[in-house]
Every structure is written in C-alpha cells, then in structure tokens.
Amino acid sequence: MPLALLALAVGAFGLGTTEFVMMGLLPDVADDLGISIPTAGHLVSAYALGVVIGAPLLAAVTARMSRRVVLIGLMGLFVAGNALSAFAPDEHWLLAARFLSGLPHGAFFGVGAVVATGMVAPERKARSVSLMFLGLTLANIAGVPVATLMGQHLGWRATFLGVSAIGLAAIASLALLIPRDHAHAPAVGLRRELVALKSLPVWLALGTTVAGFGALFAAYSYITPMLTDAAGYAGSSVTLLLALFGVGATAGNLVGGRLADHSLRGTLFGGLTALVVVLALFPVLMSTQWSAAVAVVLLGTAAFVTGSPLQLMVMEKASAAPSLASSANQAAFNLANAGGAWIGGLALAAGLGATSPALTGAALAVLGLGVAAVAAVVDRRRVAVPAGRERVVATHLPEHAEAVRY
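From a predicted model like this one, the values you see are computed outputs, not experimental measurements. (Residues numbered from 1 in each chain as written. Predicted model: local features only at pLDDT ≥ 70, side-chain atom pairs only at ≥ 80, totals over all residues. Heavy atoms only, no water.)

Q: When you look at the overall build of the chain in this model, what are you seeing that I'm missing?
A: When helices and strands are tallied, the chain shows 17 helices and 2 strands. In the chain, which comprises 406 residues, the share counted as buried stands at 56%. Restricting the contact set of the chain to residue pairs at least 6 apart, pairs at least 24 apart contribute 83%. Accessible area for the chain stands at about 16,200 Å²; split by element, carbon and sulfur atoms hold 69% of it. (Helix = DSSP H or I, 4+ residues; strand = E, 2+ residues; numbered from the N terminus. Buried < 20%, exposed > 50% of the residue type's maximum accessible area, 1.4 Å probe, protein only. Contact = heavy atoms within 4.5 Å. Areas by Shrake-Rupley, 256 points an atom, 1.4 Å probe, with all protein chains shown as cover.)

Q: Help me understand helix α9 (residues 200–220), please; the structure alone is not making it clear to me.
A: Note that an α-helix has 3.6 residues per turn; residues three or four places apart therefore point the same way. An ideal rise of 1.5 Å per residue puts 30 Å on 21 residues; α9 measures up with 30 Å between its terminal C-alpha atoms. A bend of about 25° at G214 is the largest found in α9. Where burial is concerned, most of α9 is hidden: 17 out of the 21 residues are buried. (Expected span 1.5 Å × (residues − 1). Bend = angle between axes of the 7 residues up to and from the residue.)

Q: Please explain the packing of aromatic side chains as it appears in this structure.
A: One pair of aromatic rings is described through two measures. These are the centre distance and the angle between the planes. This structure, assessed with the given rule, holds 8 aromatic pairs. With a centroid separation of 4.6 Å and an interplanar angle of 55°, the aromatic rings of F213 and F333 are classed as tilted. One end of the pair, F213, is in helix α9; the other, F333, is in helix α16 (residues 322–349), with 120 residues separating them in the sequence. Considered together, F213 and F333 belong to a single accessibility category, that of buried residues. Measuring from ring centre to ring centre gives 6.3 Å for F245 and F304, while their planes differ by 75°; the resulting arrangement is edge-to-face. On the criterion of sequence distance, the pair formed by F245 in helix α11 (residues 238–260) and F304 in helix α14 (residues 289–304) is long-range, its members being 59 residues apart. (Phe/Tyr/Trp six-rings, centres within 6.5 Å; stacked < 30°, edge-to-face > 60°.)

Q: Just checking my understanding: could you explain helix α1 (residues 4–33) for this structure?
A: Here α1 spans 41 Å end to end across 30 residues, near enough to the 44 Å set by a 1.5 Å rise per residue. At L25, α1 shows its largest bend, some 65°, and a proline, P27, comes one to four positions later. Among the 30 residues that make up α1, 23 are buried, leaving the element largely enclosed by the rest of the structure. One or two steps after α1, the chain reaches G34, where phi turns positive at roughly 70°.

Q: What's the story with the side chain of T137 in this structure? I'm lost.
A: Residue position: T137 is located in helix α6 (residues 125–154). By relative accessible area, T137 is classed as buried at 0%. There is a polar contact of 3.2 Å between the side chain of T137 and the side chain of T250. In contact with T137, other than residues within four places in its own chain, are G246, A249, T250, N253 and F304. (Polar contact = N/O pair within 3.5 Å; in protein donor to acceptor, adjacent residues only side chain to side chain.)

Q: Can you walk me through the packing of α1 against helix α3 (residues 42–61) in this structure?
A: The relative placement of two packed helices is expressed as an angle between their axes plus a distance between the axes. At their nearest, the axes of α1 and α3 sit 9 Å apart, and the two run at 160° to each other. Between α1 and α3, the angle falls in the class roughly antiparallel. Crossing geometry of α1 relative to α3 is assigned as right-handed. Judged by residue contacts, L15, T18, E19, M22, M23 and V29 of α1 engage L43, V44 and Y47 from α3. (Axes fitted to C-alpha atoms, helices over the stretch in contact; angles between N-to-C directions. Parallel < 35°, antiparallel > 145°, perpendicular 65-115°, else oblique. Left-handed = near helix turned anticlockwise from the far one by under 90°.)

Q: Explain the environment of P104 here, please?
A: Assignment of secondary structure puts P104 in helix α5 (residues 91–117). The buried category is assigned to P104, whose relative accessible area is 1%. In sequence terms P104 and S327 are 223 residues apart; their C-alpha atoms lie 9.9 Å from each other. What P104 contacts, discounting residues up to four positions off in sequence, is L58, L74, L77 and F78.

Q: I tried to follow the pattern of salt bridges on my own but got confused; where do I start?
A: Here the idea is simple: oppositely charged side chains can pair when their charged atoms come close. Summed over all chains, the structure comprises 1 salt bridge. Across the pair R127 and D261 runs a salt bridge whose closest N-O atoms are separated by 2.9 Å. Taken together, the residues span a long stretch of sequence, with R127 in helix α6 and D261 in the loop between α11 and α12 (264–280) at a distance of 134 residues. Here the two residues R127 and D261 agree in accessibility, since each one is buried. (Salt bridge = Lys/Arg side-chain N within 4 Å of Asp/Glu carboxyl O.)

And the structure:
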C-alpha cells in the first residue's frame, strides 16, 4: 500500500478525534456552559450538519481543482474551526464553531477515498479505503481518550486546541506525501457529476448509510450516561471504555475492508445484522460492568465493518462522479450522526431509561437492512435488463407499425 495513505490517515485521525470527542466531553461542556446534557447533544448534531452541508457543496466547488490542493485546503478550514471552538464564549458561538469544523469533514474523506483508490490495484480498493479510515478508528483508541482526559483535567477548550495541532500535522503530511501525479481531478463538468447522483442505486446506498450509522450514533452519542447510570462505572473510567470502542472499530474497519474486496454486499449485510443483534442486547449487556465493556467493543466492531463497503459501493454506483458521490456518502454518514443523536436523545428525554437509545438504534439498523435489501433487488433487475438494451416489439397495426420499448 502507498505511503501516501499515511497522510490521509493522519487527517482522518484529526477529523475522527474532533467528531467523537464531544461524546466524552458532554458532561463537562454542559456543566461549564450551564446547559443540560440533551441540549449539549446539539453540539454533536451541529458538527454533523456541517458535514452534511459542506460535503457535497465543497466537493462540487472544488471538482476541477487538484485533489492534493483541495485536501490541504480542507484541513486548513478544519484547523480554523477547532481553534474557534476553543475560544467560543457561549453555547451559541460553540454551535457555530462546531458547524464550521464539520464543513470540511465529508469532502476530505470523499476526495481522500478517490485519491486512495486511484493509487492501488482494483482488487485492493476496499482495503485502501479502510486504511484511510484507520485514522478515524485509531482516533477512538488514542485521540478521543487522550482528548477526553485532557478536557477533564485542563478544560474542554484545551481539547480543541490540541485537535488544531493535529490538523497542522496533517497539513504537513499531505504536502509531503501525496504525489502530485495522482491528485489531479479529471475534467468533468459539474452538471455531469450532478446527473450521476440521480441514479436510484446511489440513493439506496446513501440511504443504507443514513440508517445503518444512524443506529450507531443513536447509542454512541449517549454512551457516557449509559456506562455511568446503567453499568455503574465511575466517570473517570469512561476514557478507557471509549478506547475499547476504538479497538472494536479498528478491528471492524480492517476486517470489513478485507472482506469487502471479496464480497461487497455480503460484508454489508453481515455487518448490519451484527449491529442489530448487538444493539438489541444492550439493555442486558449494560447490567454488569464486564459485559458493558464487551458491548462497547462489539458496537465498534459491528458498526465499522460496514464503513468501507458503503463508501466503495457509492463510488462504484456513481463512477462518473466519484468525488461528489464519495463526499455525499460522508454527508449521509453525518446526517446519520445528527439524526441518530437526535432520536436517541428523544428516547432519553422521554424517560425510557439509560439504555433506550440503543434500542432505537437497533430499530434503525433493521431499517438499514431493509434499504440494503431493496438495493440488492434493484441491482439484480438492472443486471437482468441492462440499460440501453430494452426489448423492442412491433405492434400489429396493419398500416401504422411502430416500435414499443419496455
């Protein structure tokens, strides 16, 4: 695998740290700003909404630019957003800064996935994407726990300054390691890229991402109160448990990338099914501390098995617009982040219990399986009747014969 994938992984590490660290800092931010935990959960949604809006917008605006330059510029915007988060005076300014921090996220992963797959053989595409995503999952092992610990001891503002430093390191790595000859975008017009996104299989793949990862975030957004209120862990233990989630996510990401190079759809169905089972068992697993720790690992593993397959599937379904489609999938991923956090918060605010967000997540994972099944049926029908090869039948009109396509 090319060394340039390391630069993409460094950027992904910074993005993953700032995205997921807010879950561990929710109580600290809520106490400091004088707001409730469900209200502080809106900071998770603000970042995700920034991704949803920024991913397709920035990918479209930069479609004809050098992908190397685009990646460096996106990380510069990321650094600025996190620095502003560190100095936000109140909840509203922090919401705005989190939104700004999220704008480059999806476009970075989207353009990065195109660069990564363009540097490897076709049979290694899923693995190249998984290696870029490795930075995202390693963020949950090292970045998020360390940043959470920093926030608990030095204040949550120090966390975002630290994340800004990671962004600067990513900019240096991208400038040094991304080869110029692999980073130029083809001369494809914006209209052609937008037309490529009209395909039904593309939207079904995006829908699977929204439902499947919405299931993850419905539970993970509130993993801290689940571990402390249901499983009985002390707040100081949450840092280690978040690292366990990262271990599971890293394992699932690497296994999913390898399996997807052999069976893309089979890996996707297997991961979603495992996610349904894990989330449905959360109320039982959270009843003791040892089983709660196992649940955290299994949640990360099951969820991230599907990451590379979904990313590659969207890119293949929109082959004429890989950067825009890949970025759109990241928008879908973070729409899942926002929607999952919101739905899980509704269950928690309704007084349904500390583990109720996990059960809402299980329902979303079932929905994701349903969308994936519909996508499989649509693909089979398209293979059976390829586009442009419709059957032609002549009507039996004696004087005005005409061809009818169906």
